[in-house]
Every structure is written in C-alpha cells, then in structure tokens.
Amino acid sequence: MPFSSLVDSLMQDTLGVSLPLFATELAICATIVLLLLFRLLNLDQRIPGAVLALAGSIAGLGLAVMQHLQYSQEADLVGQSVEIFTGLLIYDQFTIYLRIFLMLFLVLVVYLTMLGGIPDREDAPDFYVLLLGSTLGMLLMASANHLLIVFLAIEMTSVPSYAMVGFLKGRRQSSEAALKYVVYGAGAAGVMLYGISLLSGLLGTANLPELAQALTALGGADSALDQPSLWTLSLAILMVLVGVAFKLSIVPFHFWCPDAFEGASAEVAGYLSVASKGAAFALLVRFCLAMTGSAVPAGDLQTVFVHLGFGIGIIAAISATFGNLAAYTQTNIKRMLAYSTIAHAGYMLMAVAALLVILGSPDAPDGGAQRTEHAIRAVSGLLYYLVVYLFMNLGAFAIVAIIRNQTFSEQIEDYSGLVRQSPALAVCMLACMFSLIGMPPLGGFVSKVMVFASVFKSTEYYWPMWFILSAGVLNTVFSLIYYVNVLNYMFFKPPREHLEPVNVPLASAYGRYALLVTLPVFLLGVMVNRIDDVAYSASASLKSFSVPVVANHDNADPPRQSVRSTPAIPAPVEAATPVSGG
Amino acid sequence: MSNEFLLSAIIFLPTVGALVLSIMDGGAEKALRKIGYFTTAATFALTLVLLAEFDSSVSGMQMEVKAEWIKNWNVNYQLGVDGISLTLVLLTGLVCFLAMLASDSIKKDIKGYLILFLLLETGMLGVFLSLDFFLFYVFWEVMLLPMYFLIGIWGGPRREYAAMKFFLYTLVGSVLMLIALLMFYFGSATTTSPGSFDLLHLARIGQGKVPGLVFSETLQMTAFVLLFIGFAIKVPVVPFHTWLPDAHVEAPTPISMILAGVLLKMGGYGILRIAFPICPQGAQWASYVLVFLGVLSIIYGAFAAMAQTDFKRLVAYSSVSHMGYVLLGIAVWKLSEGKTVGAEYWKMGMNGAMFQMLAHGISSAGMFFMVGVIYDRVHHRDVNKFGGLMGLMPLYGGLAVGIFFAGLGLPGLCGFIGEVFTVLSAWNYHPIMAIISASGVILTAGYILWTIQRVFLGPEYKGPHPEAITPILPREAFIGFVLLGFAILLGVYPESMFGLMRESINQLVNDLVKVDMSSLAGVNTLLKR
C-alpha cells in the first residue's frame, strides 16, 4: 500500500468519521482554549470565566444530547458502535450515555460554583480550565478502547483534580490534601502503568476488543492455572484494577478520599465524588468486558474470571462496610460524605462483581440462555445507580456548600435547627440523605434494588455471591445511623446561637438550585422507565453483548478499517429493546 | 365515584391534604387544623363508601386496579380490596380520624406535624390496599419516614433514641423482606416471561396452582423466615419487640394511638397476605415455632405489663401480649401425615386473629388515648402516683374503665371474641399451648384490674399537680365515646366484622389446605431424624 493512500485513509478516518463523533470533547477543548485566550487578552474582566465555562459545557451537553437523539430516532443505528481515531476510542450508546451524564454534571457543578463564587474572579479561568480539563479526561475514560488511552485518560483526569483539591491556596488543609492526593495518585498510576505494560506485552495487543481474543488463544481450554503466563496475567489485571480502584476510592485505595474531600471545597469534593466515579465505572465495565470477551471462556480461564468477580465482590463488600462504619464517628460533614462515597462505590462495585460472575460462571441456570440478558441488566443497574448518585450526592454537597457560604462551618453539629431557619434546604437534604440510605420512593431505592437484583441473580451462577448480597443488604442498615444523625441535628436540635443563621428561602437562587438538584432524586424513584430504557440500550450496545464472537479482522494489517461497525445481525436490535414490558 | 378510582382516592387523599397544608402559612394554626380534620374525616368517609360498595359474599379481590409502573421490572400499580384488607382499611380510617381529633394537645410546629401525619396515613392505607409486592414494599417504607419524625420531634424526653430504635428495627425487617421480594421475583420468571411482583400470582405459584412454576421448599422456607422476621418485628412478636415500649412511651398520644391501633396490624396483615399464601410450605414447616412465639408473646407481654410503673409502658406491653393472640390464631395449622387436621378450627383461629387485630386496634388506641388525657393534665405517668380519678373525673373514669375492660377481654366487649376464638382453635393444635394461652387471659385480667385499682379507684389522688385535674373536655369525651361504642358494638355483634371478612379468610384457609404438603412431610421427618 502506498504511503499516500495510508495518509488518505487516516485523514478520512480522522476528519470524516472521528471528529464529528468527538464533538462534545471538541467543544470542551475549544472552551478551554477560549478561557486561556481570554485571560491572556484580559477579556475575562468583561466576560467572566464562569459564564464562558457554563456556555461551553452547555454546548457540550447539547451536542451529546443530539448524538443521543440521533440514536433514538434511527432504529437501525441502535446497538451499533464505531471505533474512532484508528481504534483508540469507541463510540456507542454507552459512550453517549456517559457523555450526557458527565456533561450534565459539569453544567450543574459550574452553575453551583457560579452561585457560590468559590473561584473568585481573578482565579476563575484557571479553575475552570482545570475543571474542564479533568472532565475531558473523564470523557476519554468513558470511551476508551485502548490501554494507552486508558492510562492517558486516567492521568488527564487526575492531574487537574490534584490542583483543584489544592485550589484554596490559603488553607493548609487544602495543600496537605492535594499533596496526599498527588502521592497516592502517582503511586496508583505507576502500578497501573506497569500492569498495562505487562498485559499488552503478554497478549501482544493493547486494543481492548482484541484482548479477549488474545486471551482465549493464550489461555485456551487446555491451559492450566500453574502456567506462569496465567499468573502474570492475573497480576497484570490486578495492577490495572488498582489504578481504577484508586479513582473509585475503593478500600484499600481510599485513604486519599476523606482528606482530599475535607481539604477541598465542597463543590470540588462533590465533583470528585460523582464524576470520577461515573467515568471510572465506565472504564471498569469496558475493561472487564474486554477481558471476558463475548464468548464464555473455557478451562481455567473461566475460574479466573469467576474468582476475579467474587474477589471484586469481596472488595466491594469491604468497601461498603468500611465506609459505613468509618462514617459513624465523623464530625465534619464532608468527611462523612467522603466515607459515604466509599460505601457507595462499594455498592456499585457489587454490580461489576455480579457482571463478571454472570459472564464467567460455568454453571448457569437454564443452560446460560439468559446470560447476556442478565449481564446487560447488571450494567444497566449500575448506569441507573450512577444517575441517581449524581443527583443525590451533588444535592448533598451543594447544600453543604450553600450552608458553608452562610455559616462558614462544615461541622455536622452546626447544622442544628436548620429546619427552623431554612426549611427548604432541610427538606432537600432530607431527600438526599434518605435516597443515600435507599428509602423508597426516592431514586436511591430503585437503583439499589437494581444492583441487588443483579447480585441476587449472580448467586444462581455462583452461590458464594450470597455473602456479597448479605453484606450489601446489611450495609443498608448500617448506613442508616450516620445519615439520620445529620437529620437528627437538622430537625431535632435547637439552632446554635453563636452561628449566623442560615437564611436560604426556596425563592432564592440557592434554594432553587437545591430544589433543581433534589427534585430528580424523587422523580428517579417514581418515574423509572425512561432512564431505565436508555440505560438498558446503552448497556446492550456494549460490543461484547451485541457481537457473539469477535469478528474476523487481521491483526497484521496496519491500516485498520476506519469504521468497524458491528455486523448487522438481528440480535442487537432485539437485545436493545427491553424484553419484559408486561 | 367509579370503583376503579375509589381505592386510589382513599390512599392519596391524605397526600393531597398534606400538599395543601405545605403551601399554607405555618402560623394559621386553626386553618391548618381544620384541613387536618377535614382530610382525615373525608378519608374515613371514603372508606365507608368502600364499605358500602364492598360485596361481602365475594371471597376474592374486588375493585382491582392495575396500571403499569416500572415496565422493565414488571412492577405494576396494582390495588385491590378483600375482606381482610377492607376491615383494616376501615380501622385505619377511623383511628386516624380520632387521632387527628386527639392532636389538639400538639402545639409545636403544627404544620409539619399535620403534613407528616397525613403522609403516614397514606403509607398505611397503601400497605393495606396494594396487591403488588414492590408497591407494598414502597408504602411500607414510606410510612417509616413520617413515623421517625413524628416520634423524634414531638416525642418525650428520650425521643431521639426511641425514634432511631424504631427506624433501625423496621429497616432490618425491611431489608430481609427485600431479599424475599427478589427471591419471589426471580423465582417466578420463566424463559418467556419476566418475574412478577403480583401478590396474587405469586400466591398461586406458591400454592402450586401455576403449571410449570413452583417455589421449591427451600425457597419457601428461606423466604418465609425472612418475611416472618420482617413482619414479626412490626407485630411485634416477643424476641423482636423491644422497640415497641420505647417508641410508645416517647411518642405523643395521637401517634401512640396510630402506632398501636394500626401500625402493629401491618405486621399481622403481612403475615396473612404475603407470608402464608406465598410460602405455605414454609409456614407449615415453621408453625410450631410460630405457635410457640405467639404463646410466649402472650405470657411474656402480660408479665412485663404487670411489672411496669409507667402507665404508657404498661399499655405498650399489653399490646405485645394481645398481638400474641393474633400470631397464635394465624399459626394453628395442624398437619398430620401431609393432611390438614381440623381445617375448621384453623378457620376459626384465622377469623379470631383478624378479629383480635380489629379489637386491639380499638381498645389499644382507646387505652393510649386515656393515658394521654390524664398525662396532659398532671404531666406524669407513674401508675403508683394516681388514685381516686374516678371521683375527680367521673366521666373520664367511666370511659377509661370501659375501654380497659375491653382490653381485658370482658365478655360483651370486643377483646373477648378474638381471644376466645384463638384460644379455642389452639386446643386443636396442641392442648398445652391452649392452656398456657388461656392462662394469659387471667394474667391480663390481673394487670388491668390492678391498674384500674391503682389509677381510678382509691380515696384520693396521690401524685403531683392535683390542682390540674379538670373534667374531661367534650372533644376528648367524644373520642372516648366513639371508641367505647365500637368496643361494645364489636363485642355484642361480632358478626358485623366476621360477616365482612369470613369469605376471604375461609377462602385463604381452603386454598392453603389444598396445597400438597407430602414433600414437606419428608423434610420434616428428615429434620426430626
């Protein structure tokens, strides 16, 4: 093949296919450039950075929603996925779902920072560049299709986060938190990079969809667990998972989380707790599916995945338990919410554990006829959980930020008597807390039931998953006490005299914002169908679910096909429409 | 009003009232209270309409409503009423109305109080009327939040502790129920259809009436244990009862009335509506334990009540004792070699248990109200520091003694019928159990008579604030008369309630008796070996 045609096909791939599908990310990039330019030309005095950032993120959100609408309007697109930028990224409904998730969250966070004025006018461009840059990294995490991008995206997310945690320059706590975060982050990234190098060295490819194929070739039915390569492989997988676990703040990689949250402003803490979780779970799901592939692996490889799933389940159970128990003694609300974040990461991780067990286990009920369906359900439960988590956790952090702006306090006991001063805020906080516990009719309940249902289903594939289910259910009870403790202060205790009263009526900007973020928590618990449908088709569009076996394509041929949409077999369309429906 | 709409209207009318209240000015106390009276009265009136529309000769569900809610999970908004739920809905409407009348003593944050009160009523009515397990669970939990705040904000000195304890206990029960819910859901799935939350459909599967679908014995036993613990906490059955005295003592009077009058019935209702019909094999397998726990509750509750000096705690323990009869009556399912022995007795026990729930709803609400009336005046509840109230407040004394006699189980009053029916049916199950439970009646008479003696009789009042003892107000007397009136009505004409629920209960027993228990006999012998 002549060089010119190589360049031509590359151009075609980049300009014709990839860039239009990359529109959201481009909008963010453009906003970042504009923010920096405006600062350079002193235009930020006239147009505040916050407004620019808000406009940019709304544009990004709009583009992502348009991509979603395109999918929902054209039926033949459903379940199709496109590899863009020569296979480095993947574009499917799962990507779009997380894009909308992240962009919506970004819009809400930018708006919150505008209201609260956490970066003053002087610092605003810097802050928003960091915030947008970090989100850009998360968008890449959500669509990563290559181990290289996995690492790059995680780093791109992390580095601005470190700076954002330390953004309150005057506070010692803030700098200390940032430093801790950097050290942990660097360590985790190093381990992950080593894992990636082992993995790609062992399997001869770093492209996620090809991993499973290579793995089957390496593992095969006749392989044995004592093979050194299998051991190395397990080690490599674990090392990659360490990097993801760091982003998820899963025990034992959670130590940075309470300190970072306490040191950072509430807005940043809320951002870190929700957005990085969404992106990291997307990445984790993609990675796990890439490892298991679409066909059920055979031989010892199978045991590896069931054990891996169960092991992740145990880590999830420990995270949930540890997070919930450690949250008891906290007196600072941000620290408490940090431990609550750890616990919720545990619950969500249970869905991933269930996914791996369902895909890997040799003893499937009904001969495995519904394996894919159950696996899709596990992922869609996780996706639904993420959306609910976005609103309930952002709601809690937003209220913390609002109260901080009034009383300059983040101690739980200083929330005493809030209901007498600002009933609207107290009721919004109540909804968020009860949703975090998982009480109906709030979204937290529905999402928890979805995750537990998947774990329950996985017990039929592998019975020890019962332990994970019991741990999850018990933790719901554990978590009650510390969430309700906050409500105890807000509703049962008289206001503290030495503090400024919190005066936030519903009709103020703060009050409206709190309502705007809390109302979806309730709606997600009552009107489940719409988002559940979208989450379901997003999960079903994942490549491993829509393609039975990885299609034939030649590894040695360097210019890969620019568009590798999945073959139009009847399965994806069917799988995308929910099976039940009364 | 069309019947399809009636059930939803009953459930959500209090919510509408709460919404109206939430946009009103918190200072307009009189107007707020009026909305509260009006909403509960209208809800009670709607339940009476339901009574008029109800056909008591039909054993199955009536006025069923079914609409899709969460379609991917096959969750439906499904309501219906039969004899079992109708009577409890009536009780809820009545007790809530009377409790609202009794709420005049609440002065603090009346707006919030009324909103939570009405939300609580929605939750309770929803539990009794839903036919979808998921919906049932949602209502069951929805009720927790208002209750927590009603105890925690308007309660006595240890209110936060009591509120948290109540919340924790119920949540433990709920999560166990959640596991059972998932078991049923996935157990009822086939290759062609997803699982179901429809309680009637699940009951048919559990009773082996759906071809090709069974709940295995293991599933039924596990699910039954999970469900039973969840409901037993609510009833409460003895090892799970410790939340109740605290919650009752700390709760304000009207909330105590609701707690004893309605909330405890939700446990019994859950056992009748969910645990027994869906897991007959599990229920039969556990029946010895259930009967034992029932008898234990009767005796333990009575002894504990006897030892109390706090008037409210005493009444709270009497609730534990009285609810023991409910469990006893439900559980007396005697099986011999795979065949039910004396199904007629079991029917009697079931009917008695249901009647006991209604009677206890009337008498315990009345007793808590009577304690509240005197507490509002003298601000203490030490039984030993009363005395002579009959002379100081003759009308109050008369009403209170009447209601306490109803609780005692005096023939001619409501408490008698339920106790007699359950104890008689227990004889068929096991004579010794019947004898022990019958002796509970004597203990009950013991502690109630002793209480009456210490509080109402005697020459003089011995406690603090003698000057505050004023005659009973007309509003209070009205509540007392209504409750005593119902206690007498149910006592002399029990058919008024039996007539409504007999068909449904007998149908339930007949269905359960037909369930094939042969495989269970194998399990039992295996266990005994």
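Remember, predicted model here, so these are calculated numbers, not experimental data.

### Structural notes on the overall build of chain B
1) Next: The helix and strand tally for chain B stands at 22 helices and four strands.
2) Next: Against the compact-globule benchmark of 24 Å for 529 residues, chain B has a radius of gyration of 22 Å, which places it among compact chains.
3) Next: Along the first, second and third principal axes, the C-alpha atoms of chain B reach 75 × 55 × 40 Å.
4) Next: With 529 residues in all, chain B has 66% of them scored as buried.
5) Next: Long-range contacts, defined here as pairs at least 24 residues apart, represent 81% of the contacts in chain B between residues at least 6 apart.
6) Next: Accessible surface, chain B: about 17000 Å² in total, of which carbon and sulfur atoms supply 67%.

### Overview of the overall build of chain A
1) Next: Of the regular secondary structure elements, chain A holds 22 helices and two strands.
2) Next: Computed over the C-alpha atoms, the radius of gyration of chain A is 23 Å, within 12% of the 25 Å expected from 2.2 N^0.38 for a compact globule of 582 residues.
3) Next: Taking the principal axes of the C-alpha coordinates as reference, chain A spans close to 75 × 60 × 50 Å.
4) Next: Taken across its 582 residues, chain A has 63% of its residues classed as buried.
5) Next: Sequence-distant contacts in chain A: of pairs separated by 6 or more residues, those separated by 24 or more amount to 81%.
6) Next: Summing over all exposed atoms, chain A offers an accessible surface of approximately 20200 Å²; the carbon and sulfur share of this is 67%.
7) Next: Across chain A, the mean location of the 26 positive side-chain charges is 10 Å away from that of the 35 negative side-chain charges.

### Notes on empty space enclosed by the protein
1) Next: Under the defined criterion, the tally for this structure stands at seven cavities of 30 Å³ or more.
2) Next: Space inside the largest cavity adds up to approximately 80 Å³.
3) Next: Forming the walls of the largest cavity are Gly438, Met439, Phe445, Lys448, Val449, Phe452 and Thr476 of chain A together with Tyr137, Glu141, Leu171, Val175 and Leu178 of chain B.
4) Next: Of all elements in the fold, only helix H17 (443-459) of chain A together with helix H5 (133-142) and helix H7 (159-187) of chain B reach the threshold of two or more residues within the lining of the largest cavity.
5) Next: If you tally residues by element for the lining of the largest cavity, the top one is H17 of chain A, at four residues.
6) Next: Each residue belonging to the lining of the largest cavity can be placed in one class, and the counts come to eight nonpolar, two polar and two charged.

### Quick word on the packing of helix H6 (residues 147-165) of chain A against helix H11 (residues 266-292) of chain A
Residue and element names in this part refer to chain A.
1) Next: For the pair H6 and H11, the least separation of the axes is 12 Å and the interaxial angle reads 170 degrees. Of the possible angle classes, the one that applies to H6 and H11 is roughly antiparallel. Touching Leu147, Val150, Ile154, Ser161, Met164 and Val165 of H6 are Val268, Tyr271, Leu272, Leu283 and Phe287, all from H11.
2) Next: Across the contact of H6 with H11, the residue classes tally to ten nonpolar, one polar and no charged.

### Regarding the interface of chain B and chain A
1) Next: The interface of chain B with chain A comprises 34 residues on the first partner and 40 residues on the second.
2) Next: Looking at the side of chain B facing chain A, the largest losses of area belong to Asn72, Trp73 and Phe186 of chain B, adding up to 17% of the total buried there.
3) Next: One can count three salt bridges joining chain B with chain A.
4) Next: Here chain B is connected to chain A by nine residue pairs in polar contact (both at pLDDT 80 or more).

### Notes on the layout of surface pockets
1) Next: Volume-wise, the largest pocket comes out at about 2100 Å³.
2) Next: Lining the largest pocket are 50 residues, with Val427 and Leu430 of chain A together with Ser22, Ile115 and Leu119 of chain B sitting closest to its centre.
3) Next: Taken together, the residues of the lining of the largest pocket break down into 38 nonpolar, eight polar and four charged.

### Regarding the nonpolar core
1) Next: Judged by nonpolar contacts, the single largest core of 438 residues is most densely connected at Leu199 of chain A together with Phe133, Phe184 and Phe276 of chain B.
2) Next: Sort the elements by how many residues they give to this core and helix H14 (residues 371-407) of chain A lands first, with 24 residues.
3) Next: Setting aside chain neighbours within four positions, we find Phe184 of chain B in contact with Phe133, Ser196, Leu202, Phe215, Leu219, Ala223, Leu227, Ile278 and Cys279 of chain B.

### Looking at the pairing of strand E2 (residues 75-81) of chain B
Residues and elements named next belong to chain B.
1) Next: Within E2, seven of the seven residues are buried, which leaves it mostly tucked inside the rest of the structure.
2) Next: The alternating pattern of E2 places Val75, Tyr77, Leu79 and Val81 and Asn76, Gln78 and Gly80 on opposite faces, both of which are buried.
3) Next: Summarising the sheet, strand E1 (residues 62-70) and E2 pair through six bridges and their orientation is antiparallel. The residue of E2 that forms the bridge with Val65 is Leu79.
4) Next: Where E1 folds back on E2, the antiparallel hairpin that results is connected by four residues, among which Asn74 adopts a positive phi of roughly 60 degrees.

### Focus: the environment of Tyr300 of chain B
Residue and element names in this part refer to chain B.
1) Next: Structurally, Tyr300 is set in helix H13 (residues 287-307).
2) Next: Note on Tyr300: relative accessible area 37%, which makes it partly exposed.
3) Next: With 185 residues separating them in the primary sequence, Tyr300 and Gly485 have C-alpha atoms 30 Å apart.

### Overview of the packing of aromatic side chains
Two aromatic rings are characterised by how far apart their centres lie and by the angle between their planes.
1) Next: Tallied over the entire structure, the rule returns 59 aromatic pairs over all chains.
2) Next: Centroid distance Phe127 of chain A to Phe167 of chain A: 5.1 Å. Interplanar angle 65 degrees. Geometry classified as edge-to-face. With Phe127 of chain A in helix H5 (residues 124-142) and Phe167 of chain A in the loop between H6 and helix H7 (172-203), this pair connects stretches of sequence that are 40 residues apart.
3) Next: Owing to a relative accessible area of 1%, Phe127 of chain A belongs among the buried residues under this scheme.
4) Next: Three or more aromatic residues link up through ring pairs in this structure, and these residues are Phe445, Phe456 and Trp466 of chain A together with Trp69, Trp73, Phe134, Tyr137, Tyr185, Phe186 and Phe197 of chain B.

### Side note on the side chain of Arg381 of chain B
Residue and element names in this part refer to chain B.
1) Next: Within the secondary structure, Arg381 is located in the loop between helix H15 (343-378) and helix H16 (389-392).
2) Next: For Arg381, a relative accessible area of 16% gives the class buried.
3) Next: For Arg381, the side chain forms a polar contact with the side chain of Asp310, separated by 3.2 Å.

### Topic: the confidence of the model for chain A
All names here are of chain A.
1) Next: Per-residue confidence for chain A gives a mean pLDDT of 85, with 90% of residues at or over 70.
2) Next: Per-element averaging of pLDDT across chain A places helix H22 (residues 570-576) at the bottom with 37 and H17 at the top with 93.
3) Next: Here residues 548-582 scores under 50 on pLDDT; set against residues more than four positions off or in separate chains, the count is 57 contacts.

### A few points about the packing of helix H14 (residues 311-331) of chain B against H15 of chain B
Residues and elements named next belong to chain B.
1) Next: The contact between H14 and H15 brings their axes to 7 Å, and the two run at 170 degrees. Taken together, the axes of H14 and H15 lie roughly antiparallel to each other.
2) Next: Grouping the constituent residues of the contact of H14 with H15 by class yields 15 nonpolar, eight polar and one charged.

### Quick word on the pattern of salt bridges
1) Next: Inspection of every chain in the model, using the stated rule, returns 31 salt bridges over all chains.
2) Next: Linking Arg99 of chain A and Glu25 of chain A is a salt bridge whose minimum nitrogen-to-oxygen distance equals 3.2 Å. Highlighted residues: Arg99 of chain A in helix H4 (residues 93-116) and Glu25 of chain A in helix H2 (residues 23-40), separated in sequence by 74 residues. Of the two residues, Arg99 of chain A and Glu25 of chain A, both sit in the buried class.
3) Next: Notably, a salt bridge pairs Arg273 of chain B with Asp82 of chain B, separated by 2.7 Å at the nearest N-O pair. Residue Arg273 of chain B is located in helix H11 (residues 253-278), and its partner Asp82 of chain B is located in the loop between E2 and helix H3 (83-101); the two are separated by 191 residues in the primary sequence.

### Comments concerning the environment of Met66 of chain A
1) Next: Residue placement: Met66 of chain A occurs in helix H3 (residues 49-73).
2) Next: When its relative accessible area of 54% is taken as the criterion, Met66 of chain A is described as exposed.

### What to know about the environment of Ala279 of chain A
Residues and elements named next belong to chain A.
1) Next: Looking at where Ala279 falls in the secondary structure, it is placed in helix H11.
2) Next: The class for Ala279 is buried, based on a relative accessible area of 0%.
3) Next: When the C-alpha atoms of Ala279 and Leu98 are compared, they prove to be 7.3 Å apart, with 181 residues separating the residues in sequence.

### Some details on H3 of chain B
1) Next: The terminal C-alpha atoms of H3 of chain B, which comprises 19 residues, lie 28 Å apart, in line with the 27 Å expected from a rise of 1.5 Å per residue.
2) Next: Where burial is concerned, most of H3 of chain B is hidden: 19 out of the 19 residues are buried.

### Observations concerning a nonpolar patch on the surface
Residues and elements named next belong to chain A.
1) Next: On the surface, Leu506, Leu515, Leu519, Phe522, Leu523 and Met527 cluster together into a nonpolar patch covering about 520 Å² of accessible area.
2) Next: Within the secondary structure layout, Phe522 lies in helix H19 (residues 509-526).
3) Next: For Phe522, a relative accessible area of 38% translates into the label partly exposed.

Cut-offs and rules
Residues numbered from 1 in each chain as written. Chains lettered and ligands numbered in written order. Predicted model: local features only at pLDDT ≥ 70, side-chain atom pairs only at ≥ 80, totals over all residues. Heavy atoms only, no water. Helix = DSSP H or I, 4+ residues; strand = E, 2+ residues; numbered from the N terminus. Rg over C-alpha atoms; globule rule 2.2 N^0.38 Å. Buried < 20%, exposed > 50% of the residue type's maximum accessible area, 1.4 Å probe, protein only. Contact = heavy atoms within 4.5 Å. Areas by Shrake-Rupley, 256 points an atom, 1.4 Å probe, with all protein chains shown as cover. Lys, Arg positive; Asp, Glu negative; His and termini not counted. Charge placed at Lys NZ, Arg CZ, Asp CG, Glu CD. 1 Å grid on protein atoms, 1.4 Å probe; cavity = no way out; pocket = protein on both sides within 12 Å on 5 of 7 lines; lining within 4 Å. Points joined across faces, edges and corners; volume = space filled by probe spheres on them. Nonpolar A, V, L, I, M, F, W, Y, C, P; charged D, E, K, R; others polar. Axes fitted to C-alpha atoms, helices over the stretch in contact; angles between N-to-C directions. Parallel < 35°, antiparallel > 145°, perpendicular 65-115°, else oblique. Buried area = accessible area lost by both parts, 1.4 Å probe. Salt bridge = Lys/Arg side-chain N within 4 Å of Asp/Glu carboxyl O. Polar contact = N/O pair within 3.5 Å; in protein donor to acceptor, adjacent residues only side chain to side chain. Core = buried A, V, L, I, M, F, W, Y, C linked by side-chain atoms within 4.5 Å. Pairing = 2+ DSSP bridges. Phe/Tyr/Trp six-rings, centres within 6.5 Å; stacked < 30°, edge-to-face > 60°. pLDDT = per-residue confidence, 0-100. Expected span 1.5 Å × (residues − 1). Patch = residues over 30% accessible without salt bridge, like charges linked within 9 Å, V, L, I, M, F, W, Y side chains within 5 Å.

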